[in-house]
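Residues per chain are reported as follows:
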Amino acid sequence: MPLLKSYILKTLLGSIPFLYIAVADTTSAPSQPVPVTVTVTDEEHSSRLLQWLRSENGFFHESLEMRRLDPEDPKSFFGMFAKDDIPEDDLLIKVPTAIVIDSDTVPEEGEYGFHKDETYIGDQCDTMHNLGKQLKLGDKSIYAPFVNYLLDTQSRGSLPSGWSSEGKALLGKILNGEVFKAQGHDDAEIVDFPPSYPTHWLDDYYHEECEGIQDPMHEFAALLVVQRSWDDVLLPVYDMMSHRNGHWLNTKTDASVHDGNPIDVQAKRDIKAGEQIYVSYNMCEDCAQRERTYGTPEIFRDYGFVEDFPQQWIFDDISVGFRLDKRDDVGEVYLTEWVFEDVDAKTPDDTENDSIEFALSQLQQVLSTLMKERDPAVPDYEWDMITRYMNAMEKALLVAADWFDEGEDDDDDDDDDYWPEHSIIIDDYDDEEEDGDDYDDE
């Protein structure tokens, strides 16, 4: 993961550090984005990719395999799994530099303040343009195994930035409190919900900042770079690992893609046979400030899915952040930690309590208005993903709000380091209501 912040979006998205790696989610959505026309199976593509990787002196552990989550279900998630037990620190994957796709540009000495003895992090705009060219080349590309894999397996419209105008408009109305603005409330009274700039990757970044062309293939390439790259570099095979934090995370890498060396991925801990192989998009060793600034909302914006637990929610507009986890055996979701800009802060106070209650009340009012009835103008996949994301946000705020009720029972505790772990049972936490009934008025 990048050692440095990606500053190329500073004018567009503030000082948020960005990391771009794989996009893969084992949580199935109620519907699918624009499907691809499959000419070669995932299994065949993975075989070709691994053969290509090894031909360039790469490495793929003999106890790893690419397969379906459910081998008996040809429509189940396709990812990377352990066939046998793998000990901690074992080398899992080595990605040779010969197969990576980057910006294909290096500045001259002194250009943009660059010096030849420095590590150069390229421009993602150039990587977007380069990938667009490679996709159009197809079999003629020197990256043909990877290019054909992308063309055959990656759906269009999985990121909010690639949605229909109707889907993007609905998401924007929900997040920016347009219902309250229409009622005459001023901006100071309205919570802007995360993520910031939820649908701006194509319109504001690619077309404006990158001067990208109005071409479906190049736009597809731009969104693939957002989803799958590490700074300005695309890493075939590496990007087929999924994201998950907590005890699920089982890989590590201390390398940088910008030092000209192959990328080594090791086992972070002992890995048991049958485990899925995971990386982290925000809790990695070299994710800069992402550990405290980047969470479930940003993953939804940049990778197109609602991450499974554990989750991190950062509400910048009310200066509140927290982490959640879930006990799968009983469906219990609980708050594990509060996240503050001040790393020395330990517990929230009445200010955070009031802010969370206010945000939850506003969110529920907005959803009961905008999501009460199914909007036929919004495609099914986009409606379902908005429902999934807003369900997750509402229930995250519910858990955080209930934490304070639990905390009141612990006022007599004299231990300054005491950190009450609060949990509530939420029935069918992960179930999505396709018809929007979750937001009907009582």
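Since this is a predicted model, take the numbers as computed values, not measurements.

Caption draft 1: How the structure looks around the overall build of the protein. A count of helices and strands for the protein gives 12 helices and 14 strands. Sorting the 442 residues of the protein into buried and exposed places 55% on the buried side. Considering only contacts within the protein whose residues lie at least 6 apart along the sequence, 72% involve residues at least 24 apart. When the accessible area of the protein is evaluated, it comes to approximately 20,100 Å², of which 44% is carbon and sulfur surface.

Caption draft 2: Here's a closer look at helix 10 (residues 296-303). Along helix 10, 8 of the 8 residues are buried, which leaves the element largely enclosed by surrounding structure. After helix 10 finishes, the residue G304 shows a positive phi value of roughly 85 degrees.

Caption draft 3: A look at the nonpolar core. Judged by nonpolar contacts, the single largest core of 61 residues is most densely connected at F60, M80, I93, L131, L135, L235 and Y238. In this structure L235 touches V95, V100, W230, V257 and I263, once residues within four positions along its chain are discounted. Core analysis: the next-biggest nonpolar cluster, separate from the first, contains 46 residues, L170, V306, V333 and M385 among them.

Caption draft 4: Examining a negative patch on the surface more closely. There is a patch of like negative charges on the surface, built from D186, D187, E189, D192, D316, D317 and E341. Following the sequence through the fold, D316 ends up in the loop between strand 11 (311-315) and strand 12 (320-327).

Caption draft 5: The pattern of salt bridges, seen in detail. On inspection of all chains with the given rule, the structure shows 15 salt bridges. E43 serves as the salt-bridge partner of R68, at 3.4 Å between the closest nitrogen and oxygen. Taken together, the residues span a long stretch of sequence, with R68 in strand 2 (residues 64-68) and E43 in helix 2 (residues 42-55) at a distance of 25 residues. Accessibility expressed as a relative area gives 14% for R68, which makes it buried.

Caption draft 6: Broad picture of the state of the cysteines. Within the structure shown, the criterion is met by 1 disulfide. Disulfide pairing is shown between C125 and C210; the S-S distance is 2.0 Å. Between C125 and C210, the S-S dihedral sits near -70 degrees, and the bridge is therefore left-handed. Within this pair, whereas C125 is found in helix 3 (residues 124-137), its partner C210 is found in the loop between helix 7 (201-209) and helix 8 (216-228), the two being separated by 85 residues in sequence. This pair shows no difference in class: C125 is buried, exactly as C210 is.

Caption draft 7: How the structure looks around the packing of helix 7 against helix 8. Contact geometry for helix 7 and helix 8: axes closest at 11 Å, N-to-C directions at 105 degrees. What the angle tells us is that helix 7 and helix 8 run roughly perpendicular. In this structure, helix 7 contributes W201, L202, Y206 and H207 to the contact, and helix 8 contributes H218, E219, A222, L223 and V226. Split into classes, the residues belonging to the contact of helix 7 with helix 8 amount to 6 nonpolar, 2 polar and 1 charged.

Basis of the calculations
Residues numbered from 1 in each chain as written. Predicted model: local features only at pLDDT ≥ 70, side-chain atom pairs only at ≥ 80, totals over all residues. Heavy atoms only, no water. Helix = DSSP H or I, 4+ residues; strand = E, 2+ residues; numbered from the N terminus. Buried < 20%, exposed > 50% of the residue type's maximum accessible area, 1.4 Å probe, protein only. Contact = heavy atoms within 4.5 Å. Areas by Shrake-Rupley, 256 points an atom, 1.4 Å probe, with all protein chains shown as cover. Core = buried A, V, L, I, M, F, W, Y, C linked by side-chain atoms within 4.5 Å. Patch = residues over 30% accessible without salt bridge, like charges linked within 9 Å, V, L, I, M, F, W, Y side chains within 5 Å. Salt bridge = Lys/Arg side-chain N within 4 Å of Asp/Glu carboxyl O. Lys, Arg positive; Asp, Glu negative; His and termini not counted. Charge placed at Lys NZ, Arg CZ, Asp CG, Glu CD. Disulfide = S-S within 2.5 Å. Axes fitted to C-alpha atoms, helices over the stretch in contact; angles between N-to-C directions. Parallel < 35°, antiparallel > 145°, perpendicular 65-115°, else oblique. Nonpolar A, V, L, I, M, F, W, Y, C, P; charged D, E, K, R; others polar.

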